[in-house]
Protein chains: 2
Amino acid sequence: MERVRGFIRRTKQREVILRVLRSTRSHPTADWVYQEVRKELPNISLGTVYRNLKILTESGEALELSYGSSYSRFDGVATNHYHFVCERCGRVEDVPMPVDDEKDRAVERLMGVKVRQHRLEFYGLCPACQAEMDQRLPHGRADRAETALDEAYPTH
Amino acid sequence: MERVRGFIRRTKQREVILRVLRSTRSHPTADWVYQEVRKELPNISLGTVYRNLKILTESGEALELSYGSSYSRFDGVATNHYHFVCERCGRVEDVPMPVDDEKDRAVERLMGVKVRQHRLEFYGLCPACQAEMDQRLPHGRADRAETALDEAYPTH
DNA sequence: TTACATGCAAACTCTTTGCCACCAG
DNA sequence: CTGGTGGCAAAGAGTTTGCATGTAA
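Residues numbered from 1 in each chain as written. Chains lettered and ligands numbered in written order. Predicted model: local features only at pLDDT ≥ 70, side-chain atom pairs only at ≥ 80, totals over all residues. Heavy atoms only, no water.

Asks: Would you take a moment to explain the packing of helix α1 (residues 12–22) of chain A against helix α3 (residues 46–58) of chain A for this structure?
Replies: Axes are the key here: two packed helices are described by the angle between their axes and the distance separating the axes. Residue and element names in this part refer to chain A. Axis separation between α1 and α3 bottoms out at 10 Å; the angle between their running directions is 70°. Relative to α3, the element α1 lies roughly perpendicular. Between α1 and α3 lies a crossing whose hand is right-handed. For the pair formed by α1 and α3, the contact residues are Gln13, Arg14, Ile17, Leu18 and Leu21 on the first element and Thr48, Val49, Asn52, Leu53, Ile55 and Leu56 on the second. Residue composition of the contact of α1 with α3, grouped by class: seven nonpolar, three polar and one charged. (Axes fitted to C-alpha atoms, helices over the stretch in contact; angles between N-to-C directions. Helix = DSSP H or I, 4+ residues; strand = E, 2+ residues; numbered from the N terminus. Parallel < 35°, antiparallel > 145°, perpendicular 65-115°, else oblique. Left-handed = near helix turned anticlockwise from the far one by under 90°. Contact = heavy atoms within 4.5 Å. Nonpolar A, V, L, I, M, F, W, Y, C, P; charged D, E, K, R; others polar.)

Asks: Explain the nonpolar core here, please?
Replies: Within soluble globular proteins, side chains that are nonpolar generally end up buried alongside one another. Phe84 and Phe122 of chain A together with Phe84 and Phe122 of chain B are the most contacted members of the largest nonpolar core, which has 28 residues in total. Every element with two or more residues in this core is listed here: β3 (82–86), α4 (102–111) and β5 (114–125) of chain A together with β3 (82–86), α4 (102–111) and β5 (114–125) of chain B. (Core = buried A, V, L, I, M, F, W, Y, C linked by side-chain atoms within 4.5 Å. Buried < 20%, exposed > 50% of the residue type's maximum accessible area, 1.4 Å probe, protein only.)

Asks: Teacher, can you tell me more about the interface of chain A and chain B here?
Replies: Note on interface size: it is often stated as the accessible area lost on association of the parts. Listed by partner, the interface residues are 60 residues for chain A and 60 residues for chain B. Where chain A abuts chain B, roughly 5,900 Å² becomes buried across the two surfaces, and 60% of that area is made up of carbon and sulfur atoms. Sorting the residues of chain A by area buried against chain B places Leu65, Phe74 and Arg119 of chain A first, and these three jointly supply 15% of that buried surface. Applying the counting criterion to the chain A and chain B interface returns zero salt bridges. (Buried area = accessible area lost by both parts, 1.4 Å probe. Salt bridge = Lys/Arg side-chain N within 4 Å of Asp/Glu carboxyl O.)

Rendered as structure tokens:
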């Protein structure tokens, strides 16, 4: 997560993983991707799938629908409210903003589903981490992977 | 998750866990709760903490800030969009609703943070699962815990 | 030729579970 | 009494990682 990747090499495995991921709107799990990719590359390992999903996520080619950290967090306030998550230090804070229940009804109308609740989280940097980032990278240089995967796999 | 609990017994452990959970707004992990509770009940086990957090979550006394299922899901479409999660079958679908980036700016103003993005998920029942629920429970009876924990630990 | 990437399996982390003693109702 | 509950430790599930080998550039 901290390591700066020199460049991202184009491999058969990575190519197929990205293609499989792009081929569906079903928000697959790593294991589903693994099973799909195996149809084409029977010898690929699950570890490779995980490694590549991580690289793709870090380089912005894919989204990971998780809570960031691997473990659950609990909230003793059971009434719905929104959260802000600092992507650097992991802190979770409540957002003092009214809950928009009207959105639930809108989704019900749009999709024919029954909505019980929604959850809204904002991701970014808390004030303290903003300050530290400015200190470490005074000239606005992002500490992302040096070479975006876009170069290897043009989307356009 | 399917089992209907007869009643929820009042125990020292459950009492302290709930109190600890209510005592903070820091959205703690199970392990943090464990460490806190241990200050008062040094012999409590982590398993008990997990069991009780689960019971509290199921009975609506607490929220679990996780993605529901234990594993991550990935999304090959990296541009932000919203999701609907069926709480019964686990299906995840895109919500055809425009992304409200203005909310990010509002949170930045409210909290002094820098918001990079937000994530919004709706939870409920997909049409297929609604139908199945109606079939199994024709009279609208919720298959929740029979006795809410509210009875044992009045909040009001 | 030189790093980065892969395959494999072992290791890790977080969470759940089986078992039996225990105790609240 | 009796069945939910706790402690403990082992098992599970998902994910990560170390190492030797392979391979793109």
